[in-house]
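# Architecture at a glance
Here is how the chains run, residue by residue.
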Amino acid sequence: MIESLNEIKKMRRIGVLTSGGDAPGMNAAIRAVVRTCMANDVKAVGIHNGYQGLINSDVVELDARSVNRITGEGGTILYTARCEEFKTPEGLQRGVQSCKYLGIDGLVTIGGDGTFRGAQSLANAGINTVAIPGTIDNDIACTSYTIGFDTAANTAIDAVDKLADTMRSHQRTSVVEVMGRHAGHLALYIGISVGATAILVPESKLDFEKDVIEKIREGRYNNKNHFIIIVAEGVGDTMGIADRLYKETGIETRVTTLGHVQRGGRPTARDRAMASRMGHYAVELLLKGGTNRVVCYRESKVTDLDINEALAMHKGLDEYTFRVASEIGI
């Protein structure tokens, strides 16, 4: 069926790029795109450095062998970058012209919201485009899961578990800042997984005295001698939070910012499998004539939505998970 659809649409070359922040599992998605192209007699073109590379026609021909054994590698073999020029009418036109010059009939873009907006612009300009959600932040509203989230969470959980050992030995409080941009999905997932005393996220209006200080005092009353506080980077002023904790509790406090270490490392099985499924699905969409679509994971299956609809959605924090984390924090 795919082959017949491909003949109708005359899809000959499909391009793939990664844009914005890198996420573990992007390579698995690239591999799936390339291998699915090969299975359907379509040539695959890798575009370096995201939309900047598209503007500059910085491409490489990819085949089944060139993506061999990359599933387990972190980062992205196509590199990634943010491109302000592509947001301008002139930059977009250069990207469209590059697609035509390179003979790219369809394009798969892997990244977050900014990547989706670029894909939307290309689709509106007549380039068949499908986007795949790849970001450790898991903040894309149209999908319950984004490539890279599981690996980033596990990396942070491993680090916090190790911090807890030394905090216990020294009877200290550890304030750990994790990534997530303007969202707290990653912080919440990490916090509930490590048994954090409190989780600070930008989506929640926190009563610091009640939700943090009183919990620590209650813990001390119950002979707990060390505490873990998870802070999403979107909250800001992590050092100020630590200073206040020390002043109000008298417990020695240390700050750890995990930073970009969360983006690296070998992707987990979940990220590899999900990325592979999404990459395959994206190529199938293009072969069927799909454009201006986002591949997403909804109700336990890989599916797709219109990009315009996807970008109009808002993703709030899982209130039930947040309530669970708060109630079992001590």
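Relevant structure appears above.
For the structure given in this document, a descriptive report is provided here. Bear in mind the structure is a predicted one, so any value in this text is a computation, not a measurement.

Attention now moves to the overall build of the chain. For the chain, the count of helices and strands is 12 helices and 11 strands. Its C-alpha atoms give the chain a radius of gyration of 22 Å, within 12% of the compact-globule value 20 Å for 330 residues. Seen along its three principal axes, the alpha-carbon backbone of the chain occupies a region of about 70 × 40 × 35 Å. Taken across its 330 residues, the chain has 53% of its residues classed as buried.

A few words on the nonpolar core. In terms of nonpolar packing, the biggest core is built from 62 residues, with Val-108, Ile-190 and Ile-230 touching the most fellow members. Sorting elements by how many residues they give to this core places helix 6 (residues 149-170) first, with 9 residues. When neighbours within four sequence positions are excluded, Ile-230 is seen to be in contact with Val-160, Val-176, Val-178, Ala-187, Ile-190, Gly-191, Val-194, Ala-196, Ala-198, Ile-199 and Leu-200. One finds Ile-104, Ile-127, Leu-305 and Ile-307 within the second-largest nonpolar core, a separate group that totals 26 residues.

Our next topic: the sheet that holds strand 8 (residues 227-232). Reading across the sheet, the 4 strands line up as 7-8-6-9 and stay open at both edges, with parallel pairing between neighbours. In this open sheet, the two edge strands, each paired with only one partner strand, are strand 7 (198-200) and strand 9 (253-257). For this sheet the average axis-to-axis angle between neighbouring strands, irrespective of direction, equals 20°. One ladder, built from 3 bridges, connects strand 7 with strand 8; its direction is parallel. Looking at strand 8, one finds that Ala-198 is bridged to Ile-229.

A word on the layout of surface pockets. Roughly 580 Å³ of internal volume is contained in the largest pocket. Counting residues per element, the lining of the largest pocket draws most heavily on helix 5 (residues 113-124), at 6 residues. The class makeup of the residues in the lining of the largest pocket is 6 nonpolar, 12 polar and 10 charged. In terms of lining, the second largest pocket is formed by 13 residues, of which the most central are Asn-138, Phe-149, His-185, Tyr-189 and Asp-318. Ranked by residues supplied to the lining of the second largest pocket, first place goes to helix 7 (residues 185-194) with 3 residues.

Let's shift gears to the pattern of salt bridges. Throughout the structure, instances matching the rule amount to 14 salt bridges. A salt bridge links Arg-168 to Asp-165; the shortest N-O distance between them is 3.3 Å. Taken as a pair, Arg-168 and Asp-165 lie in helix 6 at a separation of 3 residues, close to a single helical turn. Taking the relative accessible area as the measure of exposure, Arg-168 reaches 41% and is therefore partly exposed. The class of Asp-165 is partly exposed, set by a relative accessible area of 44%. Between Glu-252 and Arg-172 there is a salt bridge, and its shortest N-O distance comes to 3.6 Å. Of this pair, Glu-252 sits in the loop between helix 9 (238-249) and strand 9 while Arg-172 sits in the loop between helix 6 and strand 6 (173-178), and the two are 80 residues apart along the sequence. On the basis of relative accessible area, Glu-252 is assigned to the partly exposed category, the value being 33%. By sharing partners, the salt bridges in this structure join Asp-137, Asp-139 and Arg-181 into a single network.

In this model helix 10 (residues 269-287) runs 27 Å from its N-terminal to its C-terminal C-alpha over 19 residues, within 8% of the 27 Å that 1.5 Å per residue would give. After helix 10 finishes, the residue Gly-289 shows a positive phi value of roughly 90°.

Bringing the environment of Val-67 into the picture now. Examined against the element boundaries, Val-67 turns out to sit in the loop between strand 3 (59-62) and helix 4 (89-102). Expressed as a C-alpha distance, the spacing of Val-67 and Leu-317, which sit 250 residues apart in the sequence, is 36 Å. If we ignore the near neighbours within four places in the chain, the residues touching Val-67 are Ile-30, Arg-31, Val-34, Arg-35 and Ile-77.

How each quantity is defined
- Residues numbered from 1 in each chain as written.
- Predicted model: local features only at pLDDT ≥ 70, side-chain atom pairs only at ≥ 80, totals over all residues.
- Heavy atoms only, no water.
- Helix = DSSP H or I, 4+ residues; strand = E, 2+ residues; numbered from the N terminus.
- Rg over C-alpha atoms; globule rule 2.2 N^0.38 Å.
- Buried < 20%, exposed > 50% of the residue type's maximum accessible area, 1.4 Å probe, protein only.
- Core = buried A, V, L, I, M, F, W, Y, C linked by side-chain atoms within 4.5 Å.
- Contact = heavy atoms within 4.5 Å.
- Pairing = 2+ DSSP bridges.
- Axes fitted to C-alpha atoms, helices over the stretch in contact; angles between N-to-C directions.
- 1 Å grid on protein atoms, 1.4 Å probe; cavity = no way out; pocket = protein on both sides within 12 Å on 5 of 7 lines; lining within 4 Å.
- Points joined across faces, edges and corners; volume = space filled by probe spheres on them.
- Nonpolar A, V, L, I, M, F, W, Y, C, P; charged D, E, K, R; others polar.
- Salt bridge = Lys/Arg side-chain N within 4 Å of Asp/Glu carboxyl O.
- Expected span 1.5 Å × (residues − 1).

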